[in-house]
Number of protein chains: 2
Amino acid sequence: MKQSEYAIAQGILFTDMYQLTMAQLYYHMNLHEKEALFDHFFRSYPDYGHHQAGYCISAGLEWLLDWMRHAHVRDDDVAYLRTLKGQGGKPLFSEDFLGWIRANGAFDGITMRAIPEGRVIHAQEPVTVVQGPLAMAQLLESPLLNQLNYQILIATKAAQIREVSRGQMVLEFGMRRGPGMGANAGARAALIGGADFTSNTGVSLAMGYPPRGTHGHSMVQVFMALGGSELDAFRAYADLYPDDCLLLVDTINTLDSGIPNAIRVFEELRRKGHAPVGIRLDSGDLAYLAIQAARMLDDAGFPGTRIVLSNQLDELNIWQIVTQIQEEAPRYGVDPDHLLKRLVYGVGTRLITSAGSGALDGVYKLVAMDNGGVWAPAIKISDTPDKAPNPGHKHLWRLYDRFGKATADVLSLEDEDPCEMAEILLHHPSDHLKFRLLRCDELSEIEPLLVDVLRQGRLVGELPDIEAMRAKRRADVDRLHPGVRRMMNPHIYHVSLTDRLWKYKQTLIGSVLGSDG
Amino acid sequence: MKQSEYAIAQGILFTDMYQLTMAQLYYHMNLHEKEALFDHFFRSYPDYGHHQAGYCISAGLEWLLDWMRHAHVRDDDVAYLRTLKGQGGKPLFSEDFLGWIRANGAFDGITMRAIPEGRVIHAQEPVTVVQGPLAMAQLLESPLLNQLNYQILIATKAAQIREVSRGQMVLEFGMRRGPGMGANAGARAALIGGADFTSNTGVSLAMGYPPRGTHGHSMVQVFMALGGSELDAFRAYADLYPDDCLLLVDTINTLDSGIPNAIRVFEELRRKGHAPVGIRLDSGDLAYLAIQAARMLDDAGFPGTRIVLSNQLDELNIWQIVTQIQEEAPRYGVDPDHLLKRLVYGVGTRLITSAGSGALDGVYKLVAMDNGGVWAPAIKISDTPDKAPNPGHKHLWRLYDRFGKATADVLSLEDEDPCEMAEILLHHPSDHLKFRLLRCDELSEIEPLLVDVLRQGRLVGELPDIEAMRAKRRADVDRLHPGVRRMMNPHIYHVSLTDRLWKYKQTLIGSVLGSDG
């Protein structure tokens, strides 16, 4: 494939075919420039099989906006679309539609609100709200879902790993098992959600973040193949990187060869006035080997060196390692707390693929159409009325209880402000038997969650940088109740509708079921 | 992020940081331009939990080669690398190394052999063999694994879905849940492995393949929000696409509204001389609804229309649907065979994420180093000697039995040719108790699998186009024994070592264990 073809595949035609055929339909019905309103939300939290996420982390918005700013229909795209034929052999797209989309196929009519990256977000609430000319807002569905769903998924997995790793450093190592160029988005999302650094050099540099790494088995193998030894390889590495000496000790045998050789090299470094950084364990029983490594390093006078663990780590494996170290370390005279504090977790495959739950079920649903200056709500019942989206323009609020912890997110009609209510009746989005009454004097704060991002295609204000996203994530996670944060059967965080929005939705569902049922 | 930063993130720095620090080490040891030999292979077939793949499909090579042709170290990359500091605050990369990599940081010294895309491949055999200057062959590890692992994974999942879908059309619909821009690689791999078309417009057009699609719920919702009906939406669609009319019938109620409205529109189309294409079902009990849809369409005189099924489909769901239709259709007077033949499977999330097994465990291992004109084998024992790679330059052969079915793939030393052997002793790669003797007169064909792809960075011959890859995949799958193709506990296909290679490997392992153990 030529580079120009990759450009096409990453440009505005990075969308599903049916968006284009629907756009043409809207064009021919003269609906294409009518304003439409779409909500992007996910239906359920990632379920990893043995455990579930009780919250997600917003991610992907900046890259989506970058893509939107550059994506537009070019001559190459039109030339390709012109070649497509229908079943009857005739061109699928009319010349007048192609002319229109060549001139207007860009996202400069789009207005967007969104929950900023790094924030805690929940199922069933709008994370992104798109308003704009119907044809282009429709075309945006696939790329928006693609970019936001994946980054939210990975940021959320990183947050799971962050929870179980407590304050220890987490490194993202997943490129080699990551999904093609999607690995860049995955590494970025991992940093937002909880990884401290990534080994992905390009993304690190592009984001102004230093990458991290150690060395691989091949380095030791090279020396051995050329008649040298593991010790020779370690020495060469220590000579070149005397202040960054972190050695992978399992190429031959961890306890008999790798760690003793590392300690010899560390002693040589120390004599030259350098502080060795540590070792990496990449195979075997990581908890047991970490204890033995700690014992050997302590005995040699290197209690401050790091022990990096890698090899199929995820939140469950790390939990297991922590538990095993707590139980087993004292038997070998190793202080488990000290050992746990020197650990670094290198997490690869299972983070960048969100192992156990490889996709977020985010959707993008029409919730209103401009009908000659009046907004008409849109509804979809399907065979599952409880999946009907919440219609129309809405606000989204986060309510904090008297302890400062988030207790519910509430969707309201556009003209409602819970700050002005004495009490708030919270309805479950679909189950009419579930509701809850909150008095406003039980609340410490009411916070609007959706912020203006684009107005007619133009960026409103500054986007947060990666450090700000990470700080926001830490602050938001801190304000969750522990039950929502736990791994096994987390509490279901309430995402509710105000009484007026609930009634509006029910009336609308009733009218559709009545007229077409 | 600026577009130039995306370019950096997709360029030669799309690699793990430690490849660069190792490359600098090789540079300072004057090893960087020594020839090295790496094998890329995967250790095990995808295990989807309830079932396993018994074979994989090669995919990703052409895109990797495209990437390699364009990736090289540019001033921007060097400027970024120069900013990186070690723990001591000094620059991590020396100016002489940066100067060398600015001048030499490209893949024009790489020689590569590979199993072509579309072919059946197996665990433990080299899929790609890379020879070249150590520093650049090392740098290639991460991007090679990234691109090949993911495309093999998705092509293999597509092959699973292909098996269970028999001859029916399979459409790839996964972009919206796909991993960022990796969705393009996933769509391509799906086409190689067994999907007939993808909805991903950009990739389809870039590959010269027509995309496919239907329409979404939003189209019906738009009409309803503006005071119209599902029927109005269907009519508008049929007017614009009279020969491509495929209607999504579950926006309101499939049986009471969607299908009756579709039939009315189909009748109108028929009166105008057009043949309607069919309907799509996207929710509910798809097997039951397909039976009812078939009955209603048959009764209305449209027995030739397609029924497209979508919604979380994968190989198990499709198997379940086929089984349920076989059992349940006769009860409603519907011929199950006729119904199954009109089905089209739209497969999204679970294909593009390889649900159940989200990563292929492909690795890239040093197997030999040039030591002053003589190739020295490389070995890695680690704590698991049975994972030791097979050392040195090798050939790979596929042996076909007298029925023309593939019976084993065999790795041999470079100077061995099984065609010249009267009998072949096949060793299990690590278990010395497992071997098998094949007389060559029991074989109908012996085929070399690795072909020359790059010689010193230059493409050797033409790469197959997508149709050739698909044809190769069909032919290779046809030549597998049914036991290897089945979903549940597939037979383990033999990937074996010749007697000489086996003995060479054992000697080498023994020498390492002896000297360092």
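Residues numbered from 1 in each chain as written. Chains lettered and ligands numbered in written order. Predicted model: local features only at pLDDT ≥ 70, side-chain atom pairs only at ≥ 80, totals over all residues.

A. Up close: the nonpolar core. Ranked by size, the top nonpolar core spans 338 residues in total, and within it A:Leu247, A:Ala290, A:Leu309, B:Tyr237, B:Leu247, B:Ala290 and B:Leu309 carry the most contacts. Here the element with the most residues in this core is helix H7 (residues 141-165) of chain B; it accounts for twelve residues. Of the residues that make up this core, three or more belong to each of domain 1 (3-153 + 363-516) and domain 2 (156-352) of chain B. Excluding anything up to four places from it in sequence, B:Leu247 contacts B:Phe234, B:Tyr237, B:Ala262, B:Val265 and B:Ile279. (Core = buried A, V, L, I, M, F, W, Y, C linked by C-beta atoms within 7 Å. Buried ≥ 20, exposed ≤ 12 C-beta atoms within 10 Å, placed from the backbone. Helix = DSSP H or I, 4+ residues; strand = E, 2+ residues; numbered from the N terminus. Domains from an automatic or database assignment. Contact = placed C-beta atoms within 7 Å.)

B. Molecular detail of the confidence of the model for chain A. Across chain A, the average pLDDT comes to 95, with 98% of residues at 70 or higher. This prediction of the complex comes with two scores: 0.97 for pTM and 0.96 for ipTM. (pLDDT = per-residue confidence, 0-100.)

C. Representation of helix H8 (residues 182-193) of chain B within the structure. All names here are of chain B. Here H8 spans 16 Å end to end across twelve residues, near enough to the 16 Å set by a 1.5 Å rise per residue. The element H8 is largely enclosed, with a buried count of twelve among its twelve residues. Within H8, burial applies to Gly182, Ala183, Asn184, Ala185, Gly186, Ala187, Arg188, Ala189, Ala190, Leu191, Ile192 and Gly193. (Expected span 1.5 Å × (residues − 1).)

D. The packing of helix H3 (residues 61-70) of chain A against helix H7 (residues 141-165) of chain A, seen in detail. All names here are of chain A. At a minimum axis distance of 9 Å, the contact between H3 and H7 shows a crossing angle of 150°. One element, H3, and the other, H7, form an angle in the roughly antiparallel class. When you trace H3 past H7, the crossing you get is right-handed. Note on element contacts: H7 touches H3 through Pro143, Leu144, Gln147 and Leu148, opposite Trp63, Leu64 and Trp67. Taken together, the residues of the contact of H3 with H7 sort by class into six nonpolar, one polar and no charged. (Axes fitted to C-alpha atoms, helices over the stretch in contact; angles between N-to-C directions. Parallel < 35°, antiparallel > 145°, perpendicular 65-115°, else oblique. Left-handed = near helix turned anticlockwise from the far one by under 90°. Nonpolar A, V, L, I, M, F, W, Y, C, P; charged D, E, K, R; others polar.)

E. Geometry of the interface of chain A and chain B. Contacts between chain A and chain B engage 109 residues on the former and 109 residues on the latter. A per-element tally of the side of chain A that touches chain B places helix H2 (residues 17-28) of chain A first, with eight residues. For the side of chain A that touches chain B, a count of residues per class yields 49 nonpolar, 45 polar and 15 charged.

F. Quick look at the pairing of strand E10 (residues 306-310) of chain A. Residue and element names in this part refer to chain A. With four of its five residues buried, E10 lies for the most part within the structure. Bridging between strand E9 (residues 278-281) and E10 involves four bridges; their strand directions are parallel. Each bridged residue has a counterpart across the sheet, and for Gly278 the counterpart in E10 is Arg306. Chirality of the crossover, the property in question, places the unit of E9, helix H13 (residues 286-299) and E10 among those that are right-handed. Where E10 lies against strand E11 (residues 343-347), four bridges are found, and the strand directions are parallel. Counted as the bridge partner of Ser310 is Gly346 from E11. (Pairing = 2+ DSSP bridges. Right-handed = clockwise from strand over helix to strand, strands pointing away.)

G. Structural context of the relation of the copies chain A and chain B. Overlay of chain A on chain B (RMSD 0.0 Å): rotation 180°, translation along the axis 0.0 Å. Expressed as an axis order, the relation between the two copies is that of a two-fold axis. Judged by C-alpha distance, A:Gly182 is the residue of chain A that lies nearest the rotation axis, at 2.1 Å. Most of the interface of chain A is mirrored in chain B, where 100% of its interface residues are also at the interface. (Least-squares fit on C-alpha atoms with pLDDT ≥ 70 in both.)

H. Expanded view of unusual backbone geometry. All names here are of chain A. Unlike most non-glycine residues, Arg166 shows phi in positive territory, near 50°. Mapping Arg166 onto the fold places it in the loop between H7 and strand E6 (169-172). Residue Arg166 is classed as exposed on the basis of its 11 C-beta neighbours within 10 Å.

I. Local environment of the sheet that holds strand E12 (residues 362-371) of chain B. Here seven strands make up an open sheet; going across it, the order is E13-E12-E1-E5-E3-E19-E20 (chain B) and the pairing antiparallel. Only two strands of the sheet have a single partner each, and these edge strands are strand E13 (374-377) and strand E20 (458-459) of chain B. Taken together, the three bridges between strand E3 (residues 111-114) of chain B and strand E19 (residues 451-455) of chain B define a ladder with antiparallel strand orientation. Within E19(B), the residue paired with B:Met112 across the bridge is B:Leu454. Lying on the sheet, helix H10 (residues 217-225) of chain A is in contact with E12 and E13 of chain B; it crosses E12(B) at an angle near 25°. Contacts from H7(B) reach strand E1 (35-42), strand E5 (128-133) and E12 of chain B within the one sheet, and its direction differs from that of E12(B) by about 140°.

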